[in-house]
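Examination of the molecular architecture
Here are the chains, one letter per residue:
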Amino acid sequence: MPNQYTLPDLPYDYAALEPHLSAQIVELHHDKHHAAYVTGANGAIDGLAAAREKNDFATINQLEKNLAFHLSGHVLHSLLWKNMSPDGGGEPEGELKAAIDDQLGGFEAFKNQLTQASNGIQGSGWGVLAWDPTGGRLIVEQVYDHQSNLGQAAVPLLALDMWEHAFYLQYKNVKADWVTAFWNLANWADVGERFGRVSSLSVV
Ligand code: MN
């Protein structure tokens, strides 16, 4: 069986998000960091297949941790690239706007929550807007690493990378400036399209 996870092409040139995000960061972040998560996810899948084949589960805990970490990293980075656009910024429209108004107190309140959740992360993580199918509502999650502090079944719609590799070469230690810049890149058409795809999802 071939490797299941592949690195998606960027939907724009490395420099397309400047001045908000430098070409150097985009290139390294996509070609090196995201690529490593793809390799890691495939490696975990292969390792688990080998363990089943040999009936040797001596490293099962590490393999399962690796799968969760690298697969989640792959998913969130795949979202991140599409969640940003050279033509981004502004505010959501349509059904996504209505859901944010109804469930998160309006765009400014939601924006403030996601900003605070992102800036408050201790160590590496993400600020995420997600659809929680259990409650039938949008939620903001403060994700640690790529895979921790999550509500099960929630589907990420908008992912803001707060790992230092996402901003340090441009914004140094002032991570709040990266969050401010991200709002100028947010691709609400993409987020709204994702919302439309998952808002009727039923899990439990
Ligand atoms: Mn990253």
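Above this text sits the structure in question.
One structure accompanies this document, and this report is about it. (Residues numbered from 1 in each chain as written. Predicted model: local features only at pLDDT ≥ 70, side-chain atom pairs only at ≥ 80, totals over all residues. Heavy atoms only, no water.)

Focus on the sheet that holds strand 1 (residues 125-132)
Strand order across the open sheet formed by three strands is 2-1-3, with antiparallel pairing between neighbours. Strands at the two margins of the open sheet, each flanked by one partner only, are strand 2 (137-144) and strand 3 (155-161). The sheet shows a mean angle of 20° between the axes of neighbouring strands, taken without regard to direction. As defined by bridge partners, strand 1 adjoins strand 2 across eight bridges and the pair is classed as antiparallel. Of the residues in strand 2, the one forming a bridge with Gly 127 is Gln 142. This element, helix 4 (residues 107-119), spans strand 1, strand 2 and strand 3 of the sheet and lies at about 15° to strand 2. (Pairing = 2+ DSSP bridges. Helix = DSSP H or I, 4+ residues; strand = E, 2+ residues; numbered from the N terminus. Axes fitted to C-alpha atoms, helices over the stretch in contact; angles between N-to-C directions. Contact = heavy atoms within 4.5 Å.)

Considering the coordination of the manganese ion
At this site the manganese ion is bound by His 29 (NE2), His 77 (NE2), Asp 161 (OD) and His 165 (NE2), with donor distances of 1.9 to 2.1 Å. Between consecutive donors of the manganese ion, the numbers of intervening residues give the motif H-x47-H-x83-D-x3-H. (Donors = N, O, S within 2.8 Å, 3.2 Å for Na, K, Ca; no water.)

A look at the packing of helix 3 (residues 94-103) against helix 7 (residues 188-198)
Remark: helix 3 packs on helix 7, axes separated minimally by 8 Å, with the N-to-C direction vectors making an angle of 80°. One way to sum up the angle between helix 3 and helix 7 is to call them roughly perpendicular. Counted together, Glu 95, Leu 96 and Ala 99 of helix 3 and Trp 188, Val 191, Gly 192 and Phe 195 of helix 7 form the full contact between these two elements. The residue makeup of the contact of helix 3 with helix 7, split by class, is five nonpolar, one polar and one charged. (Parallel < 35°, antiparallel > 145°, perpendicular 65-115°, else oblique. Nonpolar A, V, L, I, M, F, W, Y, C, P; charged D, E, K, R; others polar.)

Describing the pairing of strand 3
Most of strand 3 sits inside the fold, with six of its seven residues counted as buried. As defined by bridge partners, strand 1 adjoins strand 3 across six bridges and the pair is classed as antiparallel. What sits directly across from Trp 126, in strand 3, is Asp 161. (Buried < 20%, exposed > 50% of the residue type's maximum accessible area, 1.4 Å probe, protein only.)

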